[in-house]
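Read off the chains here:
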Amino acid sequence: ARRNFPGKRALVLLFLLPLLIMVQMSVIKFPPLVSSGYTLSHYTEVLTNDLNPHIAWTTFTIATTAMAIMLVIALPLAYFMVFKAGKWELLLLLSLVLADELAPVVKVYAWQVILGRNGIFNWLIPGPPVEWLLYSRFAVILTLATTYITYTTIPIYAAMKAIDASMFESAIDLGAGWWVQSKRLLIPLAAPGIFIAMILVYIPMLTDFVTADIVGGTGSYMMGQRVRDLILGAGDWGAGSALNLVMLFVSIVFSLLA
């Protein structure tokens, strides 16, 4: 007999049903009633609006820079945890997990305090307060990088755990330096973890709006904010839903490529 798992009902109720409602809202005419009829004008508006490519490029720049910073930190950190930390490995892993237990919004507000005129950064820097630390693209990138560093490090750490340490010893015997070891052994063998980390982190950053709201400025307006403002600010559910689905399509393509 076929079992009916509660998880399937939860998936339909909490994911598929809202998605179908969003699809319907993206093609229904205004006012949003079933009797209003359907149109693709919302997608045309989203794809032809000159403002959206500019916001998309800003979002791409911020997310890509934050992702690059996290990879620069996560790769050597994961390598150290796996091959060098010894008895401290578990403690470092638990520290990463515990650091992520704080509510995301609280962490963003913490960076608002740290980067402010009277924050730690300006206290350490001599001279007058540095104004561009907060409410800037720099603040958004730094906050995103520190917020998602755990989700970047742990998949790479898991991939490196499967690497045999004797391979590096053999490479050293054959005269390979640290750069050749990294390029020919470490990064290719850790690639599955790197791709998983990018999927887990890069896609949520593309839709993030809380970070840019709290520590960002006019030069860091992101696509998540654009969708939020279309739906909740302008009340344009059609364009907001269409833009959301376009972003979902881009995310699916990125995931398939990864």
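Residues numbered from 1 in each chain as written. Predicted model: local features only at pLDDT ≥ 70, side-chain atom pairs only at ≥ 80, totals over all residues. Heavy atoms only, no water.

### A short note on the overall build of the protein
What counts here: Strands here mean DSSP runs of E at least two residues long; helices mean DSSP runs of H or I at least four residues long; both are numbered from the N terminus. By definition in these notes, contact holds between two residues if any of their heavy atoms fall within 4.5 Å. Methods summary: accessible areas were calculated by the Shrake-Rupley approach with a probe of 1.4 Å, and residue burial reflects only the protein chains presented.
Scanning the protein from terminus to terminus reveals 12 helices and 0 strands. C-alpha atoms of the protein, sized along the principal axes, occupy 75 × 70 × 35 Å. Long-range pairs, those at least 24 residues apart, make up 65% of the contacts in the protein with a sequence separation of at least 6. Summing over all exposed atoms, the protein offers an accessible surface of approximately 15400 Å²; the carbon and sulfur share of this is 72%.

### Regarding the packing of aromatic side chains
The relative placement of two aromatic rings is captured by the distance of their centres and the angle of their planes. What counts is decided by this rule: Two aromatic rings from Phe, Tyr or Trp, using only the six-membered ring of Trp, form a pair when their centres are within 6.5 Å; if the ring planes differ by under 30 degrees the pair is stacked, by over 60 it is edge-to-face, and anything between is tilted. Each residue gets one of three labels from its accessible area relative to the maximum for its type: buried under 20%, exposed over 50%, partly exposed in between, using a 1.4 Å probe on protein chains only.
For the structure on display, the rule yields 9 aromatic pairs. A ring pair is formed by Tyr79 and Phe168, whose centres lie 6.1 Å apart and whose planes are at 80°; its orientation type is edge-to-face. Note that Tyr79 is positioned in helix α3 (residues 51–84) and Phe168 in helix α8 (residues 166–173), a separation of 89 residues in sequence. Among the residues examined, Tyr79 registers a relative accessible area of 24% and is labelled partly exposed. On the accessibility criterion, Phe168 (7% relative accessible area) is buried. Measuring from centroid to centroid gives 6.3 Å for Trp111 and Phe121, while their planes differ by 90°, and the two rings are edge-to-face. Of this pair, Trp111 sits in helix α5 (residues 104–115) while Phe121 sits in helix α6 (residues 120–124), placing them 10 residues apart in sequence. On the accessibility criterion, Trp111 (16% relative accessible area) is buried.

### Considerations on the layout of surface pockets
As a reminder of what qualifies: A cavity here means a set of 1 Å grid points, computed over protein atoms only, where a 1.4 Å probe fits but cannot escape. A pocket is an open set with protein on both sides within 12 Å along at least 5 of 7 lines, and lining residues have an atom within 4 Å of a point. Grid points are joined across faces, edges and corners, and a volume is the space filled by probe spheres set on the points. Classification convention: Asp, Glu, Lys, Arg as charged; Ala, Val, Leu, Ile, Met, Phe, Trp, Tyr, Cys, Pro as nonpolar; all other residues, Gly among them, as polar.
In this structure, the largest pocket occupies an estimated 360 Å³ of space. Along the walls of the largest pocket sit 16 residues, with Ala56, Met223, Val246, Met247 and Val250 positioned nearest its centre. Only α2 (41–48), α3, α9 (178–206) and α12 (237–257) provide two or more residues apiece to the lining of the largest pocket. Of the residues contributing to the lining of the largest pocket, the split by class is 12 nonpolar, 4 polar and no charged. The space that makes up the second largest pocket amounts to roughly 240 Å³. In terms of lining residues, the second largest pocket is bounded by Leu75, Pro76, Tyr79, Phe168, Trp178, Trp179, Gln181, Ser182, Leu186 and Ile187. Elements with a contribution of two residues or more to the lining of the second largest pocket: α3 and α9. The greatest single-element share of the lining of the second largest pocket, amounting to 6 residues, is contributed by α9. Split into classes, the residues belonging to the lining of the second largest pocket amount to 8 nonpolar, 2 polar and no charged.

### Digging into the nonpolar core
Put simply, the rule is: In this text, buried Ala, Val, Leu, Ile, Met, Phe, Trp, Tyr and Cys residues form a nonpolar core when linked through side-chain atoms within 4.5 Å.
Of all hydrophobic cores here, the largest spans 47 residues; its most connected members are Met70, Leu144, Ile156, Met160 and Met205. When contributions to this core are tallied by element, the ones reaching two or more residues are α3, α4 (89–99), α5, α7 (137–160), α8, α9 and α10 (210–215). For Ile156, the contacting residues outside a window of four places in its chain are Leu71, Ala74, Leu75, Ala78, Gly193, Ile194 and Ala197. Formed by 14 residues, the second largest nonpolar core is a distinct cluster that contains Tyr43, Ile55, Met223 and Ile231.

### Re a nonpolar patch on the surface
We apply this condition: Patch construction takes residues with relative accessible area above 30% that form no salt bridge. Like charges are linked within 9 Å, and nonpolar side chains (Val, Leu, Ile, Met, Phe, Trp, Tyr) are linked within 5 Å. Any Lys or Arg side-chain nitrogen found within 4 Å of a carboxyl oxygen on Asp or Glu counts as a salt bridge.
Taken together, the side chains of Leu11, Val12, Phe15 and Leu16 present a nonpolar region at the surface, about 360 Å² in accessible area. What makes Leu11 partly exposed here is its relative accessible area of 47%.

### Considering unusual backbone geometry
Despite not being glycine, Tyr135 shows a phi value in the positive range, around 55°. Tracing the backbone shows Tyr135 in the loop between α6 and α7.

### What about the pattern of salt bridges?
Per the stated rule, a full pass over the model turns up 5 salt bridges. Across the salt bridge formed by Arg117 and Glu131, the nearest N and O atoms sit 2.1 Å from each other. Of this pair, Arg117 sits in the loop between α5 and α6 while Glu131 is found in the loop between α6 and α7, placing the two residues 14 residues apart along the sequence. Its salt-bridge partner being Asp213, residue Arg228 comes within 2.7 Å of it at the nearest N-O pair. Separated by 15 residues along the polypeptide, Arg228 in helix α11 (residues 223–233) and Asp213 in helix α10 bring together distant segments of the chain.

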